[in-house]
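Below are the chains, spelled out letter by letter.
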Amino acid sequence: MPIINISITGKPDAALSASIAREITEITARELRKDPTITAVAVSYIDPQHWFAGGKSLAEHGSNTFWLDIKVVDGTNTKLELEAYMKAIFDAFGRLLGGVHEESYAFVHEVPAAAYGYGGKTQEFRFISGRLKAA
């Protein structure tokens, strides 16, 4: 049930947004074992003249960049899974955006299950309910 917020340089492009959402959802399912049917992705666009790396705009660099911010429940992924996820994300954006500036970022927030949820129920509630049903 992750929520993934993505910012990229460029002009809004519905087809590109759909491609990004599809690929990032697939990577998140494969590398972090997150259910793709409850993965949410929001894509925002920023003019490259207004995104800076090393004091120069991305327009000046002549390249694109991204910022991916994902929230997952604490303790549900290993360091190796997170490492593989970071590599897969960077590789995907390299393909999707035609190469990216090295100073492109991904941030995985691991949040407490009691403080995170959807549909009005926390992930901790879902876990406990599932265990009780299984018993």
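Everything here concerns the structure above.
Let me sum up the structure you'll find in this document. (Residues numbered from 1 in each chain as written. Predicted model: local features only at pLDDT ≥ 70, side-chain atom pairs only at ≥ 80, totals over all residues. Heavy atoms only, no water.)

**Looking at the nonpolar core**
Counting residues in each nonpolar core, the largest one holds 23 residues, and the members touching the most others are Ile8, Ile24, Leu68, Tyr85 and Phe93. The element that contributes the greatest number of residues to this core is helix H3 (residues 79-97), accounting for eight residues. Dropping the residues within four chain positions of it, Ile24 is found in contact with Ile4, Ile6, Leu68, Tyr85, Ile89, Ala92 and Phe93. (Core = buried A, V, L, I, M, F, W, Y, C linked by side-chain atoms within 4.5 Å. Buried < 20%, exposed > 50% of the residue type's maximum accessible area, 1.4 Å probe, protein only. Helix = DSSP H or I, 4+ residues; strand = E, 2+ residues; numbered from the N terminus. Contact = heavy atoms within 4.5 Å.)

**Points about the environment of Ala40**
Along the chain, Ala40 falls in strand E2 (residues 40-46). Residues Ala40 and Ala92, spaced 52 residues apart in sequence, show a C-alpha to C-alpha distance of 18 Å. With near-sequence residues (within four places) excluded, Ala40 lies in contact with Pro2, Ile3 and Ile4.

**Section: the sheet that holds strand E5 (residues 66-73)**
Strand order in the open sheet formed by four strands is E2-E1-E5-E6, and the pairing between neighbours is mixed. Sheet topology places E2 and strand E6 (105-111) at the edges, where each strand pairs with a single neighbour. Here the strands of the sheet are splayed against their neighbours by 15° on average, with no regard to which way each runs. Note that strand E1 (residues 3-9) and E2 share seven bridges and pair parallel. The partner of Asn5 across the bridge, within E2, is Ala42. Along the sheet face, H3 touches E1, E5 and E6 and points at about 145° away from the line of E5. (Pairing = 2+ DSSP bridges. Axes fitted to C-alpha atoms, helices over the stretch in contact; angles between N-to-C directions.)

**A closer look at the packing of helix H1 (residues 14-32) against H3**
One can describe the packing of H1 onto H3 by two numbers: an axis separation of 10 Å at closest approach and a directional angle of 160°. One finds that H1 runs roughly antiparallel with respect to H3. You can see that H1 and H3 cross each other, and the crossing is right-handed. Of the residues in H3, those in contact with Leu16, Ser19, Ile20, Glu23, Ile24, Ile27, Thr28, Arg30, Glu31 and Leu32 of H1 are Glu81, Leu82, Ala84, Tyr85, Ala88, Ile89, Ala92, Phe93, Arg95, Leu96 and Leu97. Of the residues in the contact of H1 with H3, the class split is 14 nonpolar, two polar and five charged. (Parallel < 35°, antiparallel > 145°, perpendicular 65-115°, else oblique. Left-handed = near helix turned anticlockwise from the far one by under 90°. Nonpolar A, V, L, I, M, F, W, Y, C, P; charged D, E, K, R; others polar.)

**Examining the pattern of salt bridges**
Scanning the model with the defined rule gives five salt bridges in all. A salt bridge links Asp91 to Lys87; the nearest nitrogen and oxygen atoms lie 2.8 Å apart. Of the two residues, Asp91 and Lys87 both sit in helix H3, four residues apart, roughly one turn of that helix. Taking relative accessible area as the criterion, Asp91 reaches 33% and is therefore assigned partly exposed. (Salt bridge = Lys/Arg side-chain N within 4 Å of Asp/Glu carboxyl O.)

**Things to note about the packing of aromatic side chains**
Taken as a whole and assessed by the stated rule, the structure comprises three aromatic pairs. Between Phe66 and Phe93, the ring centres sit 4.2 Å apart and the planes meet at 15°, which makes this aromatic pair stacked. Taken as a pair, Phe66 in strand E5 and Phe93 in helix H3 lie far apart in primary sequence, 27 residues in all. Classification of Phe66 by relative accessible area gives buried; the value is 2%. Its relative accessible area of 0% is what places Phe93 among the buried residues. (Phe/Tyr/Trp six-rings, centres within 6.5 Å; stacked < 30°, edge-to-face > 60°.)

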